[in-house]
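Spelled out, the chains give:
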Amino acid sequence: MPAQAYAGKECVCQLRRGICDQSCVAGMLQTPFYIACLKLEGRRCLVIGGGEVGLEKVEGLLACGAQVTLIAPEAHPALVELAAEGSISWQRRTYAGAGDLVGAFLVIAATSDSEVNIAVHEDAESRAMLVNVVDVPPLCNFILPAIVRTGPVAIAISTAGASPALAKRMKAEIARSFGPPYARLAEILNEARGWAKATLPTYGERKEFFEAIVNGDPDPVVMLSEGEEQSLRALIAERQAEAEHRHTGAEHRDLSRLQRQCSR
């Protein structure tokens, strides 16, 4: 795969300098990226290039429910298998131009051919599409951070391309710190969201309720780590009952005040 720009190597970006002078990456570390989580379920996504990196990108897209089309004359055996079982669509050829992008939500270029990567970038930009050219930040309008994923909890780590090795270390450390108890807590709290919207009329009240549990004593993460899920559920039910009592009491006070005003 083409490496990130560094002085003296062959140019791999759209500037076509011949020999890289790093002008394409000037200011990359100061670029403020807008962090977002994309819902890819059922969306058509393209991967151009069928090597090991292409496989990595295909697997990441499949994990998020995308409909993946691979365009590559040859492919990694694992990609061939995915195509054979119908998990992806494989067009066994080289990239043919902007027409390949029709109907796609995003495209990832993972080829070793700089001209193909540049063409994918330019064609996608002309269509206002999301495009990522692997390991060439100047040819990306979005980057793919390292992801720690446990159940519904996903944590993204980005160094803006400065150091994948550092991102990998941070990923390992975060995975150790925020493991299954956090994912289970997210699932349990999600069960209470419908109750909260139906019972607590304001955003502030709902925020206060959930923060009191998440940051409260006893610590819900510790409780789940020690296998005390039922105790946690009992605690949440107790807090719900207290909140309902306060809300009902407030409604009664408001009604009594209104009745006194009307009787005057």
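Every value quoted in this text rests on a predicted model; they were computed, and no experiment measured them.

Caption draft 1: Geometry of the environment of Pro152. Within the fold, Pro152 resides in the loop between strand E6 (146-150) and strand E7 (153-157). What makes Pro152 exposed here is its relative accessible area of 53%. Among residues more than four places away in sequence, those in contact with Pro152 are Ala183, Ala186 and Glu187.

Caption draft 2: Up close: the packing of aromatic side chains. Counted according to the given criterion, the structure contains three aromatic pairs. For the pair Phe178 and Tyr182, a centre-to-centre distance of 4.9 Å together with 65 degrees between the ring planes defines the contact as edge-to-face. Residue classification places Phe178 among the partly exposed positions, given a relative accessible area of 34%. A relative accessible area of 32% means that Tyr182 is categorised as partly exposed.

Caption draft 3: Examining the packing of helix H1 (residues 52-63) against helix H2 (residues 77-84) more closely. One can describe the packing of H1 onto H2 by two numbers: an axis separation of 9 Å at closest approach and a directional angle of 40 degrees. Taken together, the axes of H1 and H2 are oblique relative to one another. For the pair H1 and H2, the crossing hand works out as left-handed. Listed contacts from H2 to Gly54, Leu55, Val58 and Leu62 of H1 are Ala78, Leu79 and Leu82.

Conventions we followed
- Residues numbered from 1 in each chain as written.
- Predicted model: local features only at pLDDT ≥ 70, side-chain atom pairs only at ≥ 80, totals over all residues.
- Heavy atoms only, no water.
- Helix = DSSP H or I, 4+ residues; strand = E, 2+ residues; numbered from the N terminus.
- Buried < 20%, exposed > 50% of the residue type's maximum accessible area, 1.4 Å probe, protein only.
- Contact = heavy atoms within 4.5 Å.
- Phe/Tyr/Trp six-rings, centres within 6.5 Å; stacked < 30°, edge-to-face > 60°.
- Axes fitted to C-alpha atoms, helices over the stretch in contact; angles between N-to-C directions.
- Parallel < 35°, antiparallel > 145°, perpendicular 65-115°, else oblique.
- Left-handed = near helix turned anticlockwise from the far one by under 90°.

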